[in-house]
Amino acid sequence: MTAPWSLLVVSTPVGTLGSGAGGGVELTLESLVAGLLGRGHQLTVLAAEGSRLSSSCQAARLWTAAGVDQPSWQHQLRDAPVQIPAAGLLPAIWQQVHARQGQFDAVLNLAYDWLPFWLTPLLRTPLFHLVSMGSVATVMDEVIEAVALSDLRRLAFHSRAQASDFRLPAPPLVVGNGFDLSAYSFRERPDPEPLLGWAGRIAPEKGLEDAAAVAASLGERLLVWGVREDPTYAAAVEASVPSGTIEWRGFLPTSALQAELGRCRLLLNTPKWNEAFGNVVVEAMACGVPVVAYARGGPGELIVPGVTGVLVPPDDVAALTLAARGAAGLERSACRRWVERHASREAFAERIETWIQEGLRPA
Ligand code: HBI
């Protein structure tokens, strides 16, 4: 246990905390803040105006900044330049960090943006980055790799697959992620319903069409949770299978999501991009639901083949169908045990604390 720190955690500028706009990083921020509070540290969160902290983070101080949302890197071309909108939220956030850095032992950045990475050697207070995505643009690769060259200890990644997207001088720190497991109820289901599940932002890089094809082949319903980010894509997927195959469940808060997710026989995970971690894979296993996934990105490191799920060659829908059909022998209790061991909020916070402690030592 280290002496208590005063930490500043800086959120994503692509939306307000609590809106779901930030995707997985909102869940990561909540786990990290609540986990570090639980370890006795003082936390301040800096996020977009209108953000709200979850009940588990109420002991943290919330600072906000106003400005125009930063365009998401998610759907930019690889050679896209960095854009800073007029009256931008990102500069407003980092102007506050620069002005108030003296109050903190360390600053922890969760934004996947050029400015915070570029500022790393220029701040007096040590600045750390939990990188939230794999490689999406050359200009971001460059600035992340520059930080790695100046001090690799300032970076942490969610998975080895994600980190392997970048040219790093040495193996980086991989911290996984963490979840409040009390929010996910687990129970054995000796004869689960013939229900398949899929969760994530409904957008092309998530590959929903492959999961729909599997459900259609097996004649089972597919429950789908997530923000309908790309309605045209969603409609095309729905049209690609017999009506009634997909049941859209919308973007639900964790309590409602886990109650429905737990009913599924399996979760199908079909990333078309180098998914940095795969929060939904862990959420399913926390409910005792085994996962059949493409061996791609973070999910490929979260599943113990034949025990908590099955990994199939990426984009091989026939193999996905075969695996989903014959997924007997997967133990629901083994899924829950894996999550308790590797992805609890407490275990994650300890890994974050070790990361910062190492990074605060003189180089
Ligand atoms: N884009 N510019 C930018 N900045 C972010 O912090 C960011 C993003 N796109 C997606 C995103 N963060 C989060 O959804 C991550 O969890 C992936």
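All residue numbers refer to positions counted from 1 along the written sequence of the respective chain. Local features in this predicted model are restricted to residues whose pLDDT is 70 or higher, and side-chain atom pairs enter the listing and the counts only when it is 80 or higher, whereas totals over whole chains, interfaces and linings include all residues. Side-chain measures here rest on the full set of heavy atoms in the structure, leaving out hydrogens and waters.

Caption draft 1: Geometry of the sheet that holds strand S10 (residues 246–250). The strand order S10-S9-S8-S11-S12-S13 describes an open sheet built from six strands, whose pairing is parallel. In this open sheet, the two strands that pair with only one neighbour each are S10 and strand S13 (309–312). Between one strand axis and the next, the sheet turns through 20 degrees on average, direction left out of account. Across four bridges, the pairing between strand S9 (residues 221–225) and S10 is parallel. Note on S10: the bridge partner recorded for valine 224 is tryptophan 248. For two strands to pair, DSSP has to find at least two bridges joining them. Only DSSP runs of H or I reaching four residues or more are called helices, and only runs of E reaching two or more are called strands; each is numbered from the N terminus. Orientation is described by lines fitted to C-alpha atoms, with helices fitted over the stretch in contact, and by angles between N-to-C directions that extend from 0 to 180 degrees.

Caption draft 2: Representation of the state of the cysteines within the structure. When the sulfur atoms of two cysteines come within 2.5 Å, that pair is taken as a disulfide. Under the criterion given, the structure shown has zero disulfides. Here cysteine 57 stays free of any disulfide, with the sulfur of cysteine 287 as its closest cysteine sulfur at 20 Å. Owing to a relative accessible area of 1%, cysteine 57 belongs among the buried residues under this scheme. Distance from the sulfur of cysteine 335, which forms no disulfide, to the nearest cysteine sulfur (cysteine 287) is 10 Å. Each residue is assigned to one of three classes by its accessible area relative to the maximum for its type, calculated with a 1.4 Å probe on protein chains only: buried under 20%, partly exposed between the two thresholds, exposed over 50%. Among the residues examined, cysteine 335 registers a relative accessible area of 0% and is labelled buried.

Caption draft 3: Representation of the domain arrangement of the protein. Residue ranges assigned to the domains are those given by an automatic or database domain assignment. Taken domain by domain, the protein comprises domain 1 (6–178 + 344–360) and domain 2 (181–342). Relative to domain 2, the C-alpha centre of domain 1 lies at a distance of 27 Å. What gets called buried area is simply the loss in accessible area from a 1.4 Å probe that two parts show on being joined, summed for both. Taking both partners together, domain 1 and domain 2 bury about 1,400 Å²; carbon and sulfur atoms supply 52% of that area. By definition, a salt bridge exists where a carboxyl oxygen of Asp or Glu is found within 4 Å of a side-chain nitrogen of Lys or Arg. Taken together, domain 1 and domain 2 are joined by one salt bridge. A salt bridge links arginine 160 to glutamate 301; the nearest nitrogen and oxygen atoms lie 3.8 Å apart.

Caption draft 4: Region of interest: the pattern of salt bridges. Applying the stated criterion to the full structure yields 21 salt bridges. Here glutamate 340 makes a salt bridge to arginine 336, at a shortest N to O gap of 2.8 Å. Highlighted residues: glutamate 340 and arginine 336, both in helix H12 (residues 332–342), separated by four residues, approximately one helical turn. Residues arginine 361 and glutamate 358 are paired through a salt bridge, measuring 3.1 Å at the closest nitrogen-oxygen approach. For glutamate 358, a relative accessible area of 35% translates into the label partly exposed. Where salt bridges share partners, they join Asp210, Lys272, Arg296 and Asp315 into one cluster.

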